[in-house]
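Read off the chains here:
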Amino acid sequence: MKLYFVPNACSLSPHIALRELGLSHELERVDLATKKTVSGKDFLAVNPKGYVPALELDNGQVVTEGIAILLYLAQQAPDSVPDPRSWEYIRLVEALNFISTEIHKGIGTLFSMEDGPAKEKAKEKIQPRLAYLAQQLEGKDYFLGDFTLADAYLFTTLRWTGFLGISLAAYPVLTQYLERVAARPHVAEALQVENPVAVS
Ligand SMILES: N[C@@H](CCC(=O)N[C@@H](CS)C(=O)NCC(=O)O)C(=O)O
């Protein structure tokens, strides 16, 4: 299978999952401005929605949307995701949806916003979400206790605060969390592959 990615974008989350789950894969970088891949392929022919991540399976099917890709990947590695009828599974989906709609979109949208009152307001809206995350992570290594798909996604999107100059000084537990996840060998590998020159 092949993951279409942009360095440090939300596609880092399935990239981390592929490595953490030990799944063999290829990567193809996408230029979002031209919608071409590094090999010159028309990315819109792969994902007509025009955004990463997209996962092309060996049978030609393409899975899009980060959460669907994460859950698909987990299905490929036995015992890596709780039984869909279990309480743990509901907690995992709850976490993934929170990360997608509140953290990914809450922080990600700032990349394309002009400086000004609207951007400041959007930044303010993130604060209670960060406070909630800090509270959830108090005394825990990972969001749901052990490392799960939720951490692949949360690490990827929470890390954007660094690119956007959003201070985490009020939440040392979040900085420690980012450092802890970055230090995992498979995560460090994914960061190195996406950023061959500078890793952060
Ligand atoms: N709904 C999609 C959103 C993915 C997304 O936000 N992708 C960003 C990178 S993090 C992107 O490729 N944006 C380019 C665009 O929207 O044209 C998902 O959850 O996977």
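So, how was this worked out
Residues numbered from 1 in each chain as written. Predicted model: local features only at pLDDT ≥ 70, side-chain atom pairs only at ≥ 80, totals over all residues. Heavy atoms only, no water. Buried < 20%, exposed > 50% of the residue type's maximum accessible area, 1.4 Å probe, protein only. Helix = DSSP H or I, 4+ residues; strand = E, 2+ residues; numbered from the N terminus. Arc of directions from axis to C-beta. Contact = heavy atoms within 4.5 Å. Axes fitted to C-alpha atoms, helices over the stretch in contact; angles between N-to-C directions. Parallel < 35°, antiparallel > 145°, perpendicular 65-115°, else oblique. Nonpolar A, V, L, I, M, F, W, Y, C, P; charged D, E, K, R; others polar. Domains from an automatic or database assignment. Buried area = accessible area lost by both parts, 1.4 Å probe. Salt bridge = Lys/Arg side-chain N within 4 Å of Asp/Glu carboxyl O. Pairing = 2+ DSSP bridges. Polar contact = N/O pair within 3.5 Å; in protein donor to acceptor, adjacent residues only side chain to side chain.

Looking now at helix α9 (residues 185-194). Buried within α9 are the following residues: V187, A190, L191 and E194. For α9, the arc enclosing every buried residue in end-on projection is 95 degrees, short of the 170-degree limit, so these residues lie on one face. Check the buried side of α9 and you find it contacts β1 (2-5), α1 (12-20), α6 (149-158) and α8 (172-182).

What follows is about the packing of helix α4 (residues 87-108) against α6. Two numbers describe how α4 lies on α6: the axes approach to 10 Å, and their chain directions differ by 10 degrees. With respect to their mutual orientation, α4 and α6 come out roughly parallel. Touching L92, A95, L96, I99, S100, I103, H104 and I107 of α4 are L149, A150, Y153, L154, T157 and L158, all from α6. Here the residues of the contact of α4 with α6 sort into 11 nonpolar, three polar and no charged.

Let us look at α8. If you check which residues of α8 are buried, you get V173, L174, Y177, L178 and V181. Each buried residue of α8 lies within a common arc of 140 degrees when the element is viewed along its axis, so the set occupies one face. Residues of α8 that are buried sit in contact with α5 (117-137), α6 and α9.

We note that the domain assignment places domain 1 (2-79 + 187-194) and domain 2 (87-184) within the protein. For domain 1 versus domain 2, the separation of C-alpha centres amounts to 21 Å. Overall, the association of domain 1 and domain 2 removes approximately 1,400 Å² of surface from exposure, summing both partners, and the carbon and sulfur fraction of that is 74%. Counting across the domain 1 and domain 2 interface gives one salt bridge. Listed by contribution, the elements that provide at least two residues to the side of domain 1 that touches domain 2 are α1, α3 (66-75) and α9. For the side of domain 1 that touches domain 2, the element with the most residues is α1, which contributes five residues. Looking at side-chain class alone, the side of domain 1 that touches domain 2 contains 12 nonpolar, two polar and one charged residues.

Turning to the sheet that holds strand β3 (residues 36-37), a few remarks are in order. Strand order in this open sheet of five strands is β3-β2-β1-β4-β5, and the pairing throughout is mixed. The open sheet has two free edges, formed respectively by β3 and β5 (62-64), since each of these has just one partner strand. Docked against the sheet, α3 engages β4 (54-56) and β5, running at close to 125 degrees with respect to β5.

Within the element layout of this structure, K2 appears in strand β1. The exposure class assigned to K2 is buried, which follows from its relative accessible area of 14%. Within the local environment of K2, its side chain forms a polar contact with the side chain of E28, the two groups lying 2.7 Å apart. Once you skip the residues sitting within four places of it in the chain, K2 turns out to touch E26, L27, E28, K41, A54, L55 and E56.

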